[in-house]
Amino acid sequence: MFHLRSVINQSNTRCLLSSMSATMPSLSNKISPPDLQKQYPKPDYSTESLTKLLDHDNHEMRKRFRSFMSDPVMKPRYNISLSEERQLALDRLQRICDNDFISVLDFRDNPLRIFAAHELAAIIDPAMTTKMTVQFNLFGGTIFKLGTEKHHNLLLKGIDTLGDIGCFGLTELGYGNNAVEMETTAIFDPETKELIVNTPTPLAQKYWITNGALHAHHVVVFAHLISHGVNHGIHAVLVPIRDKQLNVLPDVLVEEMGYKMGLNGVDNAKLTFDNVRVPIDNLLDKYSQLSEDGELTSDIKSTRARFLAVADQLLAGRICIASMCIGGAKASLAIAIKYSATRLTVGKKGKSDTAILSYQLQQHALLPLLARTFALNIGLDCVKRKWAEQIPEDHLEVVAMCCALKPICSWHLENLVSVCRERCGGQGYLSCNRFGTFIGLAHAAMTAEGDNSVLIQKVAKERLAMFKPQTTVPVAENITSTDQLINLIKIRENSLFMGLGKALKAAGREGLFDTWMLQENESIQSAGKTYGERLVADEFKRVVNNVQDSAKEVLQDLLDLHLLSYIKDNAAWFLTHDIISPEHSKQVTAEFNRLCRDLTPQALNLVESFAISDEMLSAPIARDWVNYNEVDNKGELDLF
């Protein structure tokens, strides 16, 4: 079918590539990488407008934070000991706090500022940012939201200044966060009017506790609250673990967890409590109050609902992690694309006069990832906004959104950074070029605050309970338009959820567990992921439709490339379910190829819209990598 837009874009691209050839007549390695970057076409749109769109909120704070994070003190260091790495992470976080870039009160006044800080800080040091997310979200956010005035007066100021560092004691060695099986107890002692916090078995150790090994003064312990022999379910209790001189307190056992495969600036610990006594005032009692007689009164009647209430800060934590992953994805793409634009290799004449970004191999690897990063950034912005503005009636939908986007963003980073590292060859394997750092972030993110695949199960369960089919239209002869591509995602979402519903109905109550846990995993995972993909696609389309400036065309191309990539990657499903034909699949491939080719000359401009300074990127291959190698650098940045 004749596709006018395709013909117009092809014509524009030929002109653009011709322009490139005219301005780059004699590429050679004698031209410095920064000067090679300057040879690429300038955009006919404002990269600043793209930056504003992607930043979404807190624009002045982000601008100041970027400048602050470009300070030489934030420059990465690699050949350092474990203790130095941990101290460096703490020192960097202290600088951020000293300059008031984040506050636990942001949850009341400006919650989107919390997420902005996470995205930008993760570009510099994901380990430091992990400490930050525990201090301000999991620990600080829990004190703020579950505590009352007495807890706020005691701790909120110290949380902001790092005078009171805390950690979040939910996960147990043997049970994860399975509230039914968790063993840690907080038993009311009627004689002393205290709570006795105890770890009865090794399986009840609080495990993977960030900030716990070295720096935390306090931990919020999630434990079964027992009074007069009655178990009232999981509640949050504030337990001191160190004094102000960082001496571990009596009856608290802190065990170092040692080296990890990444993010070693994070001090993780195992915590064990041997009948530690704390005042009953240490119960975080916004929803449940314990009298001096040990009588519990609660606004929430069921123990399950109480657990969900006390663990609610995990939702914000998932947005924090997704924000960190978007920051890591942007940085990795900026590094890989800048290097690909300046690394010259064999061209038609057998000389090193052609940038590797010119080759389809590099384009097909990087451009879809660039489009998807734009898409997920915009989709996550929607989830942040929904979370910050939610009303009680929307809570279950917000839960599903948070639980979908954290896995999708962290899986995206894991795939993206692996591809970027490979496409940068041996240079990508050097620590100073940053990909190893972001691989560490991705792997931590995939299982932190909810294993990705388990969260997708939760998404599928929540969405199935409230499922209403998406409105779809018949598949057209040509499926490469935006509306048709999104239509295909909706068709897939409907099919997967309806098929899953039928399977569960056929299984009945007796067969429910086996069907869900042992037989329908692929359907469950696909359904949950497709819900997230449709959410992102709808929001990206809405945002592009509302753009009024000259960036609209390039954003439309990015949207279409993102959608085409999804259909292309899932073509087997669409073909085997007779949703599309082989001819449709050929259309998708052809349009995918065209958009990768058309967008390549703008790739540098698009990563410039991420507004990540050279100092923040720090990777030599994103800068003057020739100059970097003129000295004995030892893989460090001291002389660069």
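Everything numeric here is computed off the predicted structure, so don't read it as measured data. (Residues numbered from 1 in each chain as written. Predicted model: local features only at pLDDT ≥ 70, side-chain atom pairs only at ≥ 80, totals over all residues. Heavy atoms only, no water.)

Turning our attention to the overall build of the chain. Each helix and strand counted, the chain has 24 helices and 13 strands in total. For 640 residues, the compact-globule estimate of 2.2 N^0.38 gives 26 Å, and the C-alpha radius of gyration of the chain, at 26 Å, lies within 12% of that figure. By principal-axis analysis of the C-alpha atoms, the chain measures approximately 90 × 65 × 40 Å. Out of the 640 residues belonging to the chain, those deemed buried represent 58%. For the chain, contacts bridging at least 24 residues in sequence account for 75% of all contacts bridging at least 6. Summing over all exposed atoms, the chain offers an accessible surface of approximately 26,600 Å²; the carbon and sulfur share of this is 53%. When the 67 basic and 76 acidic side-chain charges of the chain are each reduced to a single mean position, those positions are 6 Å apart. (Helix = DSSP H or I, 4+ residues; strand = E, 2+ residues; numbered from the N terminus. Rg over C-alpha atoms; globule rule 2.2 N^0.38 Å. Buried < 20%, exposed > 50% of the residue type's maximum accessible area, 1.4 Å probe, protein only. Contact = heavy atoms within 4.5 Å. Areas by Shrake-Rupley, 256 points an atom, 1.4 Å probe, with all protein chains shown as cover. Lys, Arg positive; Asp, Glu negative; His and termini not counted. Charge placed at Lys NZ, Arg CZ, Asp CG, Glu CD.)

To continue, consider the side chain of lysine 338. Positionally, lysine 338 belongs in helix α11 (residues 313-342). Its relative accessible area of 3% is what places lysine 338 among the buried residues. Excluding its chain neighbours within four sequence positions, the residues that come into contact with lysine 338 are Gln37, Leu604, Glu608, Asp614, Leu617, Ile621 and Ala622.

Quick look at helix α12 (residues 360-389) now. Taking 1.5 Å of rise per residue, the 30 residues of α12 would be expected to cover 44 Å, and the 43 Å separating its terminal C-alpha atoms lies within 8% of that figure. Across the 30 residues of α12, 23 count as buried, placing the element largely inside the fold. (Expected span 1.5 Å × (residues − 1).)

This part is about the nonpolar core. In terms of nonpolar packing, the biggest core is built from 196 residues, with Phe65, Met69, Ile96 and Phe273 touching the most fellow members. With 19 residues, α11 is the single largest residue contributor to this core. The residues contacting methionine 69, other than those within four sequence positions of it, are Met74, Ile96, Leu120, Ala121, Ile124, Met128 and Met616. (Core = buried A, V, L, I, M, F, W, Y, C linked by side-chain atoms within 4.5 Å.)

The subject of this paragraph is the packing of aromatic side chains. What the rule picks out here adds up to eleven aromatic pairs. An angle of 25° between the planes, with centres 6.3 Å apart, marks the rings of phenylalanine 65 and phenylalanine 68 as stacked. Separated by three residues within a single helix, phenylalanine 65 and phenylalanine 68 lie in helix α4 (residues 59-69), roughly one turn from each other. We note that phenylalanine 65, like phenylalanine 68, is buried. Pairing phenylalanine 65 with phenylalanine 101 gives two aromatic rings, centres 4.6 Å apart and planes at 20°, and the pair type is stacked. (Phe/Tyr/Trp six-rings, centres within 6.5 Å; stacked < 30°, edge-to-face > 60°.)

With that settled, the discussion passes to the sheet that holds strand β4 (residues 206-210). Read from one edge of the open sheet, three strands run β4-β8-β7, paired in antiparallel fashion. Taken across any chain shown, the strands that pair with only one partner, and hence form the sheet edges, are β4 and β7 (252-256). Pairs of neighbouring strands in the sheet enclose a mean axial angle of 35°, with direction left out of account. With five bridges joining them, β7 and strand β8 (residues 268-273) adopt antiparallel strand pairing. Looking across to β8, one finds that valine 254 is bridged to leucine 271. (Pairing = 2+ DSSP bridges. Axes fitted to C-alpha atoms, helices over the stretch in contact; angles between N-to-C directions.)

It is worth spelling out the confidence of the model for the chain at this point. Considering every residue of the chain, the mean pLDDT works out to 93; 96% of them sit at 70 or more. When the criterion is pLDDT under 50, residues 1-26 qualifies, and its contacts beyond four places in sequence or with other chains add up to 32 contacts. (pLDDT = per-residue confidence, 0-100.)

Only a minority of non-glycine residues have a phi that is not negative, and only a minority of peptide bonds are not trans. Positive phi outside glycine occurs at lysine 193, with the angle close to 60°. Position of lysine 193 relative to the elements: it lies in the loop between β2 (185-189) and β3 (194-198). Residue lysine 193 is classed as partly exposed on the basis of its relative accessible area, which comes to 32%. With a phi close to 65°, serine 618 is a non-glycine residue in the positive phi region. In this structure, serine 618 sits in the loop between α23 (614-617) and α24 (625-628).

A separate point is the environment of isoleucine 337. Mapped onto the fold, isoleucine 337 is located in helix α11. For isoleucine 337, a relative accessible area of 0% gives the class buried. Along the chain, isoleucine 337 and leucine 155 lie 182 residues apart, while their C-alpha atoms are 45 Å from each other. Dropping the residues within four chain positions of it, isoleucine 337 is found in contact with Leu357, Leu366, Leu370, Ala603, Leu604 and Val607.

Contact geometry of helix α5 (residues 82-98) with helix α8 (residues 126-146) gives a least axis separation of 9 Å together with a crossing angle of 55°. Between α5 and α8, the interaxial angle falls into the category oblique. Along this stretch, α5 crosses α8, giving a crossing that reads as right-handed. From α5, Ala89, Leu90, Arg92, Leu93, Ile96 and Cys97 reach across to α8, where they touch Met128, Lys131, Met132 and Phe136. Its residues placed into classes, the contact of α5 with α8 shows eight nonpolar, no polar and two charged. (Parallel < 35°, antiparallel > 145°, perpendicular 65-115°, else oblique. Left-handed = near helix turned anticlockwise from the far one by under 90°. Nonpolar A, V, L, I, M, F, W, Y, C, P; charged D, E, K, R; others polar.)

Of all ten residues that make up strand β5 (residues 218-227), ten are buried, and the element is covered over most of its length. Strand direction decides the pairing type here: strand β1 (residues 166-169) and β5, joined by four bridges, are parallel. Pairing of glycine 166 across the sheet is with histidine 218, part of β5. The pairing of β2 with β5 spans three bridges and is parallel. Each bridged residue has a counterpart across the sheet, and for threonine 185 the counterpart in β5 is histidine 224.

Glancing now at the environment of threonine 133. Checked against the element boundaries, threonine 133 lands in helix α8. What makes threonine 133 buried here is its relative accessible area of 4%. With 420 residues separating them along the chain, threonine 133 and glutamate 553 place their C-alpha atoms 37 Å apart. The contact partners of threonine 133, leaving out residues within four places of it in the chain, are His118, Leu138 and Cys320.

Below, the discussion takes up the side chain of aspartate 285. Along the chain, the position of aspartate 285 falls in the loop between β9 (276-279) and β10 (288-290). Here the side chain of aspartate 285 touches threonine 148 through a polar contact of 2.9 Å, side chain to side chain. Leave out the neighbours within four places in its chain, and aspartate 285 touches Leu146, Thr148, Lys150 and His151. (Polar contact = N/O pair within 3.5 Å; in protein donor to acceptor, adjacent residues only side chain to side chain.)

This brings us to the state of the cysteines. Using the criterion set out here, one finds zero disulfides in the structure. Of all cysteine sulfurs, the one in cysteine 325 lies closest to cysteine 409, which takes part in no disulfide; the gap is 6.7 Å. Left unpaired, cysteine 432 is separated from the closest cysteine sulfur, that of cysteine 424, by 12 Å. (Disulfide = S-S within 2.5 Å.)

Let us now look at the pattern of salt bridges. In total, this model carries 33 salt bridges according to the counting rule given. In this structure, lysine 244 and aspartate 164 form a salt bridge, with 2.8 Å as the shortest nitrogen-oxygen distance. In this pair, lysine 244 is assigned in the loop between β6 (230-240) and β7 and aspartate 164 in the loop between α9 (149-161) and β1, connecting sequence segments 80 residues apart. On the basis of relative accessibility, which here comes to 51%, the residue lysine 244 falls in the exposed class. When its relative accessible area of 10% is taken as the criterion, aspartate 164 is described as buried. For lysine 458, the salt bridge is made with glutamate 462, and the minimal N-O distance between the two is 3.3 Å. Separated by four residues within a single helix, lysine 458 and glutamate 462 lie in helix α15 (residues 452-465), roughly one turn from each other. What makes lysine 458 partly exposed here is its relative accessible area of 27%. Linked through salt bridges whose partners overlap, the residues forming this network are Asp55, Asp57, Arg62, Arg66, Glu119 and Lys330. (Salt bridge = Lys/Arg side-chain N within 4 Å of Asp/Glu carboxyl O.)

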